[in-house]
Amino acid sequence: PDVCTLIEHPLPTLADWRGDVYKVSDEAMWCICLRLMLVYEEGDKLYLCAAAPREWFKDGCVIRVEDASTYFGTVSFQVRSRLSKGFIEVDVKPPVRNPPRSMYIRLRHPERRRIRYVEVEGEGRVKVGSEEELIDLGSPSKALALKVYY
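Residues numbered from 1 in each chain as written. Predicted model: local features only at pLDDT ≥ 70, side-chain atom pairs only at ≥ 80, totals over all residues. Heavy atoms only, no water.

## Remarks on the overall build of the protein
So, step 1. Secondary structure assignment for the protein yields 1 helix and 11 strands.
So, step 2. Ordered by position from the N terminus, the helices and strands of the protein form the series α-β-β-β-β-β-β-β-β-β-β-β.
So, step 3. The contacts in the protein between residues at least 6 apart in sequence include a share of 56% that link residues at least 24 apart.
So, step 4. Total accessible area on the protein stands at roughly 9,400 Å², and carbon and sulfur atoms take up 53% of it. (Helix = DSSP H or I, 4+ residues; strand = E, 2+ residues; numbered from the N terminus. Contact = heavy atoms within 4.5 Å. Areas by Shrake-Rupley, 256 points an atom, 1.4 Å probe, with all protein chains shown as cover.)

## Examining a nonpolar patch on the surface
So, step 1. On the surface, a cluster of nonpolar side chains totalling about 340 Å² of accessible area is made up of Met29, Ile32, Leu36 and Tyr40.
So, step 2. In terms of residue count, helix 1 (residues 24–38) provides more of the nonpolar patch than any other element does, 3 residues in total.
So, step 3. Relative to the helices and strands, Tyr40 is located in strand 1 (residues 39–42).
So, step 4. For Tyr40, a relative accessible area of 32% corresponds to the partly exposed category. (Patch = residues over 30% accessible without salt bridge, like charges linked within 9 Å, V, L, I, M, F, W, Y side chains within 5 Å. Salt bridge = Lys/Arg side-chain N within 4 Å of Asp/Glu carboxyl O. Buried < 20%, exposed > 50% of the residue type's maximum accessible area, 1.4 Å probe, protein only.)

## Re the side chain of Arg80
So, step 1. Locating Arg80 in the fold gives a position in strand 4 (residues 73–82).
So, step 2. The class of Arg80 is buried, set by a relative accessible area of 14%.
So, step 3. Here the side chain of Arg80 touches Asp91 through a polar contact of 2.9 Å, side chain to side chain. (Polar contact = N/O pair within 3.5 Å; in protein donor to acceptor, adjacent residues only side chain to side chain.)

## Quick look at the environment of Ala51
So, step 1. Position of Ala51 among the secondary structure elements: in the loop between strand 2 (45–48) and strand 3 (62–70).
So, step 2. For the pair Ala51 and Tyr40, spaced 11 residues apart in the sequence, the C-alpha separation amounts to 9.2 Å.

## A few points about the packing of aromatic side chains
So, step 1. Enumeration according to the criterion identifies 5 aromatic pairs in this entry.
So, step 2. Note on Tyr47 and Tyr104: the rings are 5.1 Å apart at their centroids and 15° apart in plane angle, and the pair reads as stacked. With Tyr47 in strand 2 and Tyr104 in strand 6 (residues 102–106), the pair connects residues that are 57 residues apart, well separated along the chain. The same class applies to Tyr47 and to Tyr104, which are both buried.
So, step 3. Between Phe87 and Tyr149, the aromatic rings sit 5.6 Å apart at their centres with planes inclined by 50°, giving tilted as the arrangement. Highlighted residues: Phe87 in strand 5 (residues 87–93) and Tyr149 in strand 11 (residues 144–149), separated in sequence by 62 residues. Residue Phe87 shares its accessibility class with Tyr149, and that shared class is buried.
So, step 4. An aromatic cluster of at least three residues, connected via ring pairs, comprises Tyr40, Tyr47 and Tyr104. (Phe/Tyr/Trp six-rings, centres within 6.5 Å; stacked < 30°, edge-to-face > 60°.)

What follows is the structure, encoded as structure tokens:
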């Protein structure tokens, strides 16, 4: 069977294969990039799904991160696309060891539709920067359940 690895220099073209080359730093970089797409710290802010591709938000798709280590503590979240019904559901379990000053989640509609409004369970509607597709979650100290309507 073929072994799929990430190699640094497939030369002279990307289609050339020179045997399996295991280079730990290249393999680890892929994991780091995936993590940064989904969980990203910037100073005292925490961003979720900051660079997740639009394709991942198509109807029926689920993005789930469990106990991701951050500077602030572990964070877990799940994004469930129900766009056929006009919304995306999000459950977030924020870090509590060293809470971020602010936490955001970016939800990118596959067809670039703007967010109309966001409902937070038990709190009603919250502000949204619809231009950036960015939802300000504040500095939550308990689990959140959101419904984001398009």
